[in-house]
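Coordinate inspection notes
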Amino acid sequence: MLFTLKLLLPALLPSWRFFDFIAPSPRIQYALLRASDDTPEKWSEFRPRPQSLSFLQMLGHMFWNPGWNESLFLVSCAERLLENPTAHSEDEIFKRIISDLEKDNADPDLKSATHLQFRLLLVQRKNSEIEQAVAFESRIRVLPSQDVS
């Protein structure tokens, strides 16, 4: 019985010691370009966090929130890109950005764009200021919906 209690106790009273340190949070921004040699001018935040949530929304998200789970996966991909850049992590981020752009069609620059690029920003709080630094820029890719010659 004592052995079972020892196994169950960490699940009932979790420890937060697994956080060795708090690292800057990576954020993803994307730019729509008109050519492969175009310089990005306007960066848009990918899946910005909501300013506020109602109590009912928070309660619902405790039980069902696949969008947030996917966003956490993207944070993992971004962290992997910063530690050890791989094509897989970059591809996964591109895939999600393209999917959201095709689904929403909300960006007015999408109609004239033929290429896409994303970058990772590291966001951290220093005293009362929030600092942002560009940590990674992806290669430029052709949008799949465009036929570029």
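Read on for an overview of the structure. As the structure is a prediction and not an experimental result, all values here were calculated from the model.

1. Here we look at the environment of Arg 141
Relative to the elements of secondary structure, Arg 141 occurs in strand 5 (residues 141-142). You can call Arg 141 partly exposed: its relative accessible area is 21%. Placed 28 residues apart in sequence, Arg 141 and Ala 113 show a C-alpha to C-alpha distance of 11 Å. For Arg 141, the residues in contact, after removing those within four places along its chain, are Asp 91, Phe 94, Thr 114, His 115 and Leu 116.

2. Digging into the pattern of salt bridges
Here the structure, examined in full by the defined rule, presents nine salt bridges. Put simply, Asp 100 and Lys 103 hold a salt bridge, and the shortest N to O gap is 3.8 Å. A residue pair is termed a helical-turn pair when its members lie 3 or 4 positions apart in one helix, as Asp 100 and Lys 103 do in helix 4 (residues 87-104) at three residues. Given a relative accessible area of 14%, Asp 100 falls into the buried group. A single network of salt bridges, built from pairs that share partners, joins Arg 47, Glu 70, Glu 92, Lys 95, Arg 96, Asp 100 and Lys 103.

3. Some details on the pairing of strand 3 (residues 115-126)
Across nine bridges, the pairing between strand 1 (residues 25-33) and strand 3 is antiparallel. Note that in strand 3 the partner of Ala 31 across the bridge is Gln 117. Alignment of strand 3 against strand 5, held across two bridges, turns out to be antiparallel. Within strand 5, the position partnered with Leu 116 by the bridge is Arg 141. In textbook terms, the turn of a hairpin is the stretch between consecutive antiparallel strands, and for strand 3 and strand 4 (residues 129-137) this stretch comprises two residues, one of which, Asn 127, has a positive phi near 60 degrees.

4. Describing the nonpolar core
Grouped together as the largest cluster of nonpolar side chains are 20 residues, with contacts concentrated most on Ile 28, Tyr 30, Leu 32, Ile 93, Ile 97, Leu 116 and Phe 118. Elements that contribute at least two residues to this core include exactly strand 1, helix 3 (66-83), helix 4 and strand 3. Top element by residues in this core is helix 4. It accounts for five residues. Every residue in contact with Ile 97, bar those within four places of it in the chain, is listed here: Ile 28, Tyr 30, Phe 46, Leu 116 and Phe 118.

5. Re the pairing of strand 4
Where strand 3 lies against strand 4, eight bridges are found, and the strand directions are antiparallel. The residue bridging Gln 124 from the neighbouring strand is Glu 131, located in strand 4.

6. Details of the packing of aromatic side chains
Counted under the stated rule, the structure contains three aromatic pairs. Considering the side-chain rings of Tyr 30 and Phe 46, the 6.5 Å spacing of their centres and the 85 degrees angle between planes classify their relative orientation as edge-to-face. Here Tyr 30, found in strand 1, pairs with Phe 46, found in the loop between strand 2 (44-45) and helix 2 (55-63); they are 16 residues apart in sequence, far enough to count as distant. Take Tyr 30 and Phe 46: they sit in the same class, and that class is buried. Ring centres 4.9 Å apart and planes at 75 degrees place the aromatic pair Phe 94 and Phe 118 in the edge-to-face group. Taken together, the residues Phe 94 in helix 4 and Phe 118 in strand 3 connect sequence positions 24 residues apart.

Conventions and cut-offs
Residues numbered from 1 in each chain as written. Predicted model: local features only at pLDDT ≥ 70, side-chain atom pairs only at ≥ 80, totals over all residues. Heavy atoms only, no water. Helix = DSSP H or I, 4+ residues; strand = E, 2+ residues; numbered from the N terminus. Buried < 20%, exposed > 50% of the residue type's maximum accessible area, 1.4 Å probe, protein only. Contact = heavy atoms within 4.5 Å. Salt bridge = Lys/Arg side-chain N within 4 Å of Asp/Glu carboxyl O. Pairing = 2+ DSSP bridges. Core = buried A, V, L, I, M, F, W, Y, C linked by side-chain atoms within 4.5 Å. Phe/Tyr/Trp six-rings, centres within 6.5 Å; stacked < 30°, edge-to-face > 60°.

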